[in-house]
Amino acid sequence: MLSRFVYLAGDRLSVAELSAACLDGHVVGLGDAYVPADLVESPALRAATLADTLGASLAASHLTAAWVHGGIDEPPARLSVQRAVTARLHHITDRRLHYHDVQADPEALERIGGCLVTSAERTVADLARMESPEHTAALAMWAARDPVVVAAASAWLGSRHRLPYGRRARELLGSLMTS
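What counts, and where the lines are drawn
Residues numbered from 1 in each chain as written. Predicted model: local features only at pLDDT ≥ 70, side-chain atom pairs only at ≥ 80, totals over all residues. Heavy atoms only, no water. Helix = DSSP H or I, 4+ residues; strand = E, 2+ residues; numbered from the N terminus. Rg over C-alpha atoms; globule rule 2.2 N^0.38 Å. Contact = heavy atoms within 4.5 Å. Areas by Shrake-Rupley, 256 points an atom, 1.4 Å probe, with all protein chains shown as cover. Lys, Arg positive; Asp, Glu negative; His and termini not counted. Charge placed at Lys NZ, Arg CZ, Asp CG, Glu CD. Buried < 20%, exposed > 50% of the residue type's maximum accessible area, 1.4 Å probe, protein only. Salt bridge = Lys/Arg side-chain N within 4 Å of Asp/Glu carboxyl O.

## With respect to the overall build of the protein
Counting its secondary structure elements, the protein contains eight helices and seven strands. Computed over the C-alpha atoms, the radius of gyration of the protein is 17 Å, within 12% of the 16 Å expected from 2.2 N^0.38 for a compact globule of 179 residues. Principal axes of the C-alpha set define a box for the protein whose edges measure 50 × 40 × 25 Å. Within the protein, contacts between residues at least 6 apart in sequence are counted, and of these 51% link residues at least 24 apart. Of the roughly 9,600 Å² that the protein leaves accessible, carbon and sulfur atoms contribute 54%. Each charge class in the protein was averaged separately, 17 positive and 20 negative side chains, and the resulting centres sit 9 Å apart.

Below is the structure:
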């Protein structure tokens, strides 16, 4: 269920009404939705703006999960999602999504704002496993804000023996903890 503070274009208000409210300073854009301008941005609110896109079968992951958890300031241009159900999904055709067709580990998922999101530890580990400047920059930003989550992710990653690119991720997280 969407939060009563989250407005999607065409749902309760039309695009024109939301644009006018935005110009008047009553609402601001957040993710794929609008929220009251005086509302404090939180992980639950960020996740709630994605509820319509994620539905019950997708989980926010990688950069999208980092944004939900507050590790980075802005949502990515393309939302990273992973399937949260056992059955493969064949209807994912949204160009705004970067879809990972691997079932997310149910133990590494949290329900935030009515949506499934990879846990902070799993998200940091996933960012560290990706060999991309965008993911590395997001990880560095998050590590500067919350060094505790990097240590937790390193411990989480240490308990996983067969995770692709795990060695690279452990080395990167180790270097972030010592700097």
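## Section: unusual backbone geometry
Not every positive phi belongs to a glycine, and His62 is a case in point at roughly 50°. As for its placement among the helices and strands, His62 is situated in helix H4 (residues 62-69). Overall, His62 belongs to the buried group, its relative accessible area being 7%. Unlike most non-glycine residues, Tyr165 shows phi in positive territory, near 60°. Within the secondary structure, Tyr165 sits in the loop between helix H7 (147-158) and helix H8 (166-178).

## Side note on the pattern of salt bridges
Overall, the coordinates contain seven salt bridges when judged by the stated rule. Ionic pairing is found between Arg96 and Asp32, a salt bridge with its closest N-O pair at 3.4 Å. Highlighted residues: Arg96 in the loop between strand S4 (79-83) and strand S5 (97-100) and Asp32 in the loop between strand S1 (27-30) and strand S2 (33-36), separated in sequence by 64 residues. Ionic pairing is found between Asp101 and Arg88, a salt bridge with its closest N-O pair at 2.4 Å. Here the residue Asp101 occupies a position in the loop between S5 and strand S6 (109-112), and Arg88 occupies one in the loop between S4 and S5, the gap between them amounting to 13 residues.

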